[in-house]
Amino acid sequence: MTSLWFWKKWPITYQRAWYFVAAIFVLSIVFLWSSYFTGVDAVINWDTVDNQNIVESTVHTFSVGPFELNVPGDNYLLSQYYNGSKIIPNLFASYLFLTVIMLCAIILLTVFSTLERFWYFVAMALFILFVVSLRLEVLNILGWRNQIPTIATLVLFGGMSFFFNRIKPETSLIIRFFSFVAIASVLAVVITFFSGVEFPMLHLAVTAYTPGLVITVLFIFTIAHEIIASFVFLASQGNSKSFLHLFIITSIYLVNVFITYMHEAGLIDWNFIYLNIYLVLTIAAILGIWGFKNRQPLYQNIFSFDPFGGYMIVAFGTICFITIGYLIANGNDPALRVVRDAVVFSQFGYGLIFFIYIVSNFTGLLGQNLNVHKVLYRPTRMPYFTFRFAGLIAVLAFVFYSNWKEYVYHSFSGFYNNIGDLYTLLDKKGIAEAYYEQGRSYGFQNHRSNYTLGKIKTIKNDLERAQYNYGLANGKQPTPYSIANEANLFLWRKDVFKAKAIDQEGIHLFPDNGELYTNLGFIYGKLHNLDSAVAALSEARKYAATKNIAEANFFALMANELIPVNADSILQNFGSTSNATISNAMALATVFDQNFSNTPDFTEVKKLDLPTATLLNNYIVRNTKTVDSTFIANTEKIIEDSINLDYKEALKAPLAAAYYHKGNVTKALSILAEMAAFSHSYTGKFNYIMGLWSLEQGNAELAASYFDYAIEYGFTNAKLYKAIALSEAHLMNDALIAWDTVAQSKDANQVEIANRMKRILTASNMVGFNDSEKYQYCRYKLGVRDSIQLKNILAGIENTNYKAKALLDKTQRAFDLGETTLAIQYFNQISGLELTNEKLYKDIQYMELRMLASRKEVRALANQINEGVDFDQAHFLDKTLYTALLNVMSGDTLNAAKNFEIVGTYNPYYVEGLIAAAEYFREHSPDRLKAYSLLADAIQINNSSVKLLKAYATEAIRIGFDEYAIGALQRVEEIESRR
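Along every chain, residues carry numbers that run from 1 in the direction the sequence is written. Per-residue local features are limited, in this predicted model, to residues with pLDDT of at least 70; the limit for side-chain atom pairs, both in listing and counting, is 80 or more; totals at the level of whole chains, interfaces and linings are taken over all residues. Excluded from the side-chain calculation are hydrogens and water; included are all heavy atoms of the structure.

## Side note on the overall build of the chain
Link 1 in the chain: Within the chain one finds 46 helices and two strands.
Link 2 in the chain: Note on method: radius of gyration uses C-alpha positions; expected globular size equals 2.2 Å times residues raised to 0.38. Relative to a compact globule of 979 residues, whose C-alpha radius of gyration would be 30 Å, the chain shows 44 Å and is clearly more extended.
Link 3 in the chain: For the chain, the C-alpha atoms occupy an extent of roughly 135 × 60 × 45 Å along the three principal directions.
Link 4 in the chain: Think of it in three bands: residues with accessible area under 20% of the maximum for their type are buried, residues over 50% are exposed, and the middle band is partly exposed, with areas taken using a 1.4 Å probe on protein chains only. A buried classification covers 54% of the 979 residues belonging to the chain.
Link 5 in the chain: Working note: accessible area of the chain is about 44000 Å², and carbon and sulfur atoms make up 57% of it.
Link 6 in the chain: Here the chain carries 79 positive and 83 negative side-chain charges, and the mean point of each set is 10 Å from the other. Helix and strand labels come from DSSP, where a helix needs a run of H or I of at least four residues and a strand needs a run of E of at least two; each type is numbered from the N terminus. Residue exposure ignores everything except the shown protein chains as possible cover, and the areas themselves are Shrake-Rupley values with a 1.4 Å probe. We count Lys and Arg on the positive side and Asp and Glu on the negative side, and we leave His and both chain ends out. The atom standing in for a charge is NZ when the residue is Lys, CZ when it is Arg, CG when it is Asp and CD when it is Glu.

See below:
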């Protein structure tokens, strides 16, 4: 036990120093293993690549004559997949590496200052070599780009060391150590504040790479035989067959080391548990502390192990582990290859020769089952030096067999990677790229250089060369990041099958990686391979890091492929709160008109991200007709905030639809017109929607002009809808030309509609027409005053619904032209018809109320409403107008003004409300131009209403704008000539 806790015999001061040095040693080991388990995740993370698709749903359906038209809404589907980020150099690892290696250098210098003459000068020569290798001249300290900083540093440390060694040799170890620490601290301050370069400490970390790597390899060689030596200790504990036990254990170990070497060299790839090289090194290093103590007879003429030898071996071991941890933490795999092969080669070479050394010197003792470990370094035949020399030859044999130049090149490659990182932090991208290219050329197929170059070239859109670099990165040391990035490059270049093959190979290499499963699911979706896509996404759901994106992609896949799964039920089963997942599930439910119970809360939303913006869009599209004014106002505030500029264009379109269905047609058209003017992607879509809205509001001529823009942008159904609009506007020649165009369509249904409409529009009699076609003839061919011909045609229509619709059409047209008497005559003919269409019955009710309101028969209007008329959202302005009229009748001018303000500004096509509001404000507003302004603003949009134009002309004359009035009346004549 005493030999195990050897430091217990030291003076208390030396014990405390030992605990300090040992703590640094343990810290370096912990750092190595934490870096090992973190892997390249320390410098690379996953970026998500967003892929948005649009799937249309029907927001609103309305009828125009015999045609039923659908107003579409864009539901956004957000799919995401993973791409490896750029490498971010691990600053913590760099600073820790520099701090620990400098601290160990001071510890070693402290030990060196205690050595005797020759060995002191040898040790100081090594220390000088270490300081020179730091290349302090590159720091440009105080403007010096020469050797002055290096000389000054050597003078300070060397002078202090010489003072302790020759002048004050009795100085305690602690004072020596803190004296060197004080010098180092002063130098650190000078370097930090007076260097002429940015990040001077990182410059030192880069230059410390070389001595760190050299010391690491030397330390690996020094402790290479310690595991075999421990086998001697274990075998000597038995009572019999010590040699046999030693032979068996050693043989098994060396065979495993050799198999590990063949695996590292790429010669075998068995389903075998290989030795963990860093575990072997850790065990050997820990055993090496006691082994170095046991070797004291070999170096006791230089210094004793207690305590100086102990401090020295632990300091060297600390440098070894902190260097390897630093390399792992920065993913510097070419340098790590040197380290790993050094461990394997030395374990086998030195281990094999050491076994021969044991056999040569201690076979007899082992045969007698004596404790050979106690005399292990007191050889009788084969000297210890011979073992070291022969072991070195054995290691060099491996090195030369494996092409020794590669280890030199890989060492250079690791160095250039470090410099590249430094210049990346300095934001000197061109220089950094040049160094990474150097690292790539010296370290063939190294991951670090090639991955970084792949990212750089991808950013430059040089995808072909980036693909080459990722291919090299995946050659020997692939990571999930490099595999994903190479696959994504093929995906972006439309080679989806190659991308799939690479991801599949990646999953074979990394079967527990959720990101690769997510990417594979996305790729299968691109190939429309639903079963495989769902299977891959199901695997991705098993990992917490990828669960949300996998679930979001599942719903996006179902919606893209129009698979009618129950979105609400599956979402509840997933239990996801991810905005992307909820958004995609909501879009799926909307497309298939399913119930959806999840109601997001946007009250706290200020800054949008893509998933939140997508969810907000899909929520508005789904609830266009039901969202309240408060929600609309809050949403507009969010959209108009400059921090959400990226999402403004996409979100204003559904917001416009929400305004439209709240009755504020003016606001809705204003938003879409603005977006159509500035949008690069959605101009055709916005004009298409404005055309549908204009057609529903009765301005067919304006609708046709909007559809012209939509046709120019190749929008679906725009030609058909333009033909309908021209027919509704009674522009027959233009309508026939438009229907001829539709007849050339590849859509058989549209061709059939076009041919039927052409026959109706060119017909001179009703021979061969069915009831539907007779109704259409009445709607499109007969003028509003062709009452006799209408009567004759109605006599031949058997379906009373069609009769009622024809009469209602003529009532509406006469009413719009201001011919109220004629409208009443048509309307009265509807009375007595037995109707089976509930919607038609309600339309007739609404028409009656509009005529009563226009004649100011307020009491009759109130009585009719009280008989049970329901006002849905589409008739919000009707209800508001009637309320305003009742307010006037009851003397409630305050509410009357509020309601007339709404009906006078919300919808330029709601002519009755506009005229009533203008009449009210003419009498009650102190603003003399209030009534005129309402009408003038309305005709800027709706210049096809005869009643509105006449009302405007009357108001313009009253104000004194006679020229404007003449222009309006000329427009009235033009419209009436067509009707």
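## Describing the pattern of salt bridges
Link 1 in the chain: Salt bridges are defined as contacts in which a side-chain nitrogen from Lys or Arg sits within 4 Å of a carboxyl oxygen from Asp or Glu. In this structure the tally under the stated criterion is 36 salt bridges.
Link 2 in the chain: Among the ionic pairs, Asp74 bridges to Lys685, the shortest N-O distance being 2.3 Å. A residue pair is termed long-range when its members are at least 10 positions apart, and Asp74 in strand β2 (residues 67-84) and Lys685 in helix α30 (residues 683-697) qualify at 611 residues.
Link 3 in the chain: On the accessibility criterion, Lys685 (7% relative accessible area) is buried.
Link 4 in the chain: Salt-bridge contacts for Lys168 lead to Glu170; the nearest nitrogen and oxygen are separated by 3.7 Å.
Link 5 in the chain: Residue Glu170 is classed as exposed on the basis of its relative accessible area, which comes to 56%.
Link 6 in the chain: Connected via shared salt-bridge partners are Glu640, Lys648, Lys652 and Glu674.

## A word on unusual backbone geometry
Link 1 in the chain: Omega for the peptide link from Asp306 to Pro307 comes to 0°, which places this bond in the cis form.
Link 2 in the chain: Looking at the element boundaries, Pro307 is found in helix α12 (residues 305-329).
Link 3 in the chain: One non-glycine residue, His730, lies in the positive phi region at around 60°.
Link 4 in the chain: Secondary-structure assignment places His730 in the loop between α32 (718-728) and α33 (732-742).
Link 5 in the chain: By relative accessible area, which is 11% here, His730 ends up buried.

## Describing the packing of aromatic side chains
Link 1 in the chain: In this scheme Phe, Tyr and Trp rings, the latter by its six-membered ring, pair at centre separations within 6.5 Å, and the angle between planes marks the pair as stacked below 30 degrees, edge-to-face above 60, and tilted otherwise. Taken as a whole and assessed by the stated rule, the structure comprises 82 aromatic pairs.
Link 2 in the chain: Judged by centre distance (5.8 Å) and plane angle (75°), the rings of Phe554 and Phe574 are edge-to-face. Of this pair, Phe554 sits in helix α23 (residues 547-560) while Phe574 sits in helix α24 (residues 567-574), and the two are 20 residues apart along the sequence.
Link 3 in the chain: Measuring from centroid to centroid gives 6.2 Å for Tyr688 and Phe707, while their planes differ by 65°, and the two rings are edge-to-face. Residue Tyr688 is located in helix α30, and its partner Phe707 is located in helix α31 (residues 700-712); the two are separated by 19 residues in the primary sequence.
Link 4 in the chain: Since its relative accessible area comes to 0%, Phe707 is described here as buried.
Link 5 in the chain: Both a distance and an angle decide whether a charge sits over a ring: NZ of Lys or CZ of Arg must be within 6 Å of the ring centre and within 35 degrees of the ring normal. Here the guanidinium or amino end of Arg295 rests over the ring plane of Tyr377, the centre of that ring lying 5.9 Å away.
Link 6 in the chain: A cation over an aromatic ring shows up here: Lys498 above the ring of Phe490, its NZ or CZ 5.8 Å from the ring centre.

## Here's the deal with a nonpolar patch on the surface
Link 1 in the chain: Among the surface-exposed residues, Leu392, Leu396, Phe400, Trp404, Val408, Tyr409 and Phe412 lie close enough to one another that they form a single nonpolar patch of about 620 Å² accessible area.
Link 2 in the chain: When residues of the nonpolar patch are traced back to their parent elements, those giving at least two are α14 (384-401) and α15 (404-425).
Link 3 in the chain: For the nonpolar patch, the element with the highest residue contribution is α15, accounting for four residues.
Link 4 in the chain: With respect to the helices, strands and loops of the structure, Val408 is situated in helix α15. Nonpolar side chains (Val, Leu, Ile, Met, Phe, Trp, Tyr) within 5 Å and like charges within 9 Å form the patches, drawn only from residues with over 30% relative accessible area and no salt bridge.

## Comments concerning the nonpolar core
Link 1 in the chain: In this text, buried Ala, Val, Leu, Ile, Met, Phe, Trp, Tyr and Cys residues form a nonpolar core when linked through side-chain atoms within 4.5 Å. Counting 175 residues, the largest nonpolar core has Phe555, Trp693, Leu695 and Trp739 as the members making the most contacts within it.
Link 2 in the chain: Should any heavy atoms of two residues lie within 4.5 Å, those residues are counted as being in contact. Contacts of Leu695, omitting those with residues within four sequence positions, involve Phe62, Val64, Leu69, Ala700, Ala703, Phe707, Ile724, Ala725 and Glu728.
Link 3 in the chain: In this structure, Ile24, Ile259, Val280 and Ile358 belong to the second largest nonpolar core, which totals 140 residues.

## Brief notes about helix α13 (residues 333-367)
Link 1 in the chain: Its maximal kink placed at Asn361, α13 deviates by approximately 65°.
Link 2 in the chain: Within α13, 25 of the 35 residues are buried, which leaves the element mostly enclosed by the surrounding structure.
Link 3 in the chain: Count one or two residues on from α13 and you reach Asn369, which has phi positive near 60°. Bending is quantified residue by residue as the angle between axes fitted to the seven-residue window ending at that residue and the seven-residue window starting at it.

## Some thoughts on the environment of Ala650
Link 1 in the chain: Tracing the backbone through its elements, the reader meets Ala650 in helix α28 (residues 648-661).
Link 2 in the chain: Those residues in contact with Ala650, other than ones at most four positions away along the chain, are Tyr76 and Asn617.

## Notes on the pairing of β2
Link 1 in the chain: Of all 18 residues in β2, 16 are buried, a share of seventy percent or more.
Link 2 in the chain: By the convention used here, strands pair only if DSSP detects at least 2 bridges between them. Where strand β1 (residues 46-64) meets β2, 18 bridges bridge the pair, whose relative direction is antiparallel. Opposite Ser57, over in β2, you have Gly73 as the bridge partner.
Link 3 in the chain: Between the antiparallel neighbours β1 and β2 lie two residues, among them Gly65 with a positive phi of about 60°.

## Quick notes on the packing of α13 against α14
Link 1 in the chain: Every axis in this analysis is a line fitted to C-alpha atoms, fitted for helices over the stretch in contact. Angles between the N-to-C directions lie between 0 and 180 degrees. The contact between α13 and α14 brings their axes to 8 Å, and the two run at 145°. α13 and α14 meet at a crossing whose hand is right-handed. The segment α13 lies against α14, with Phe345, Ser346, Phe348, Gly349, Tyr350, Ile353, Phe354 and Tyr357 engaging Tyr384, Phe387, Arg388, Ala390, Gly391, Leu392, Ala394, Val395, Phe398 and Val399.
Link 2 in the chain: Classification used: nonpolar for Ala, Val, Leu, Ile, Met, Phe, Trp, Tyr, Cys and Pro, charged for Asp, Glu, Lys and Arg, polar for all others including Gly. Residues of the contact of α13 with α14, tallied by class, amount to 14 nonpolar, three polar and one charged. Left-handed is the label given to a crossing in which the near helix is rotated counterclockwise from the far helix by less than a right angle, and right-handed is the label when the rotation is clockwise.

## Structural notes on the side chain of His225
Link 1 in the chain: By secondary structure assignment, the location of His225 is in the loop between α7 (209-222) and α8 (226-235).
Link 2 in the chain: By relative accessible area, His225 is classed as buried at 0%.
Link 3 in the chain: If we ignore the near neighbours within four places in the chain, the residues touching His225 are Arg295, Tyr350, Phe354, Tyr377, Tyr384, Phe387 and Arg388.

## Thoughts on the packing of α13 against α15
Link 1 in the chain: Running from amino to carboxyl end, α13 crosses α15 at an angle of 140°, the nearest separation of the two axes being 6 Å. Here α13 lies oblique to α15, going by the angle between them. Facing α13, whose interface residues are Pro334, Ala335, Arg337, Val338, Asp341 and Phe345, α15 presents Glu406, Tyr407, His410, Ser411, Ser413, Gly414 and Asn417. Each angle receives one of four descriptions, namely roughly parallel if under 35 degrees, roughly antiparallel if over 145, roughly perpendicular if within 65 to 115, and oblique otherwise.

## Structural notes on helix α41 (residues 876-890)
Link 1 in the chain: Expected span of a helix, by definition, is 1.5 Å for each gap between consecutive residues, and there is one gap fewer than residues. With 15 residues, α41 extends 21 Å from end C-alpha to end C-alpha; this agrees with the ideal 21 Å at 1.5 Å per step.
Link 2 in the chain: Downstream of α41 by one or two residues, Gly891 has phi in the positive range, about 80°.

## Let's talk about the side chain of Ser94
Link 1 in the chain: Inspection of the secondary structure assignment puts Ser94 in helix α2 (residues 91-112).
Link 2 in the chain: Contact partners of Ser94, with chain neighbours within four places excluded, come to Leu202, Ala205, Tyr326 and Asn330.

## Details of the environment of Ala968
Link 1 in the chain: Relative to the helices and strands, Ala968 is located in helix α46 (residues 962-976).
Link 2 in the chain: C-alpha of Ala968 to C-alpha of Thr171: the two residues are 797 residues apart in sequence and 110 Å apart in space.
Link 3 in the chain: Leaving out residues up to four positions away in the same chain, Ala968 has contacts with Leu949, Tyr952 and Ala953.

## What about the environment of Gly367?
Link 1 in the chain: By secondary structure assignment, the location of Gly367 is in helix α13.
Link 2 in the chain: Look at Gly367 and you get exposed, because its relative accessible area is 56%.
Link 3 in the chain: Taking C-alpha positions, Gly367 is 66 Å from Ile523, a pair spaced 156 residues apart along the chain.

## As for the state of the cysteines
Link 1 in the chain: The definition used for a disulfide is geometric: two cysteine sulfur atoms within 2.5 Å. Considering all chains together, one arrives at zero disulfides under this definition.
Link 2 in the chain: The structure places no disulfide on Cys320, whose sulfur is separated from the nearest cysteine sulfur, that of Cys104, by 11 Å.
Link 3 in the chain: A relative accessible area of 0% means that Cys320 is categorised as buried.

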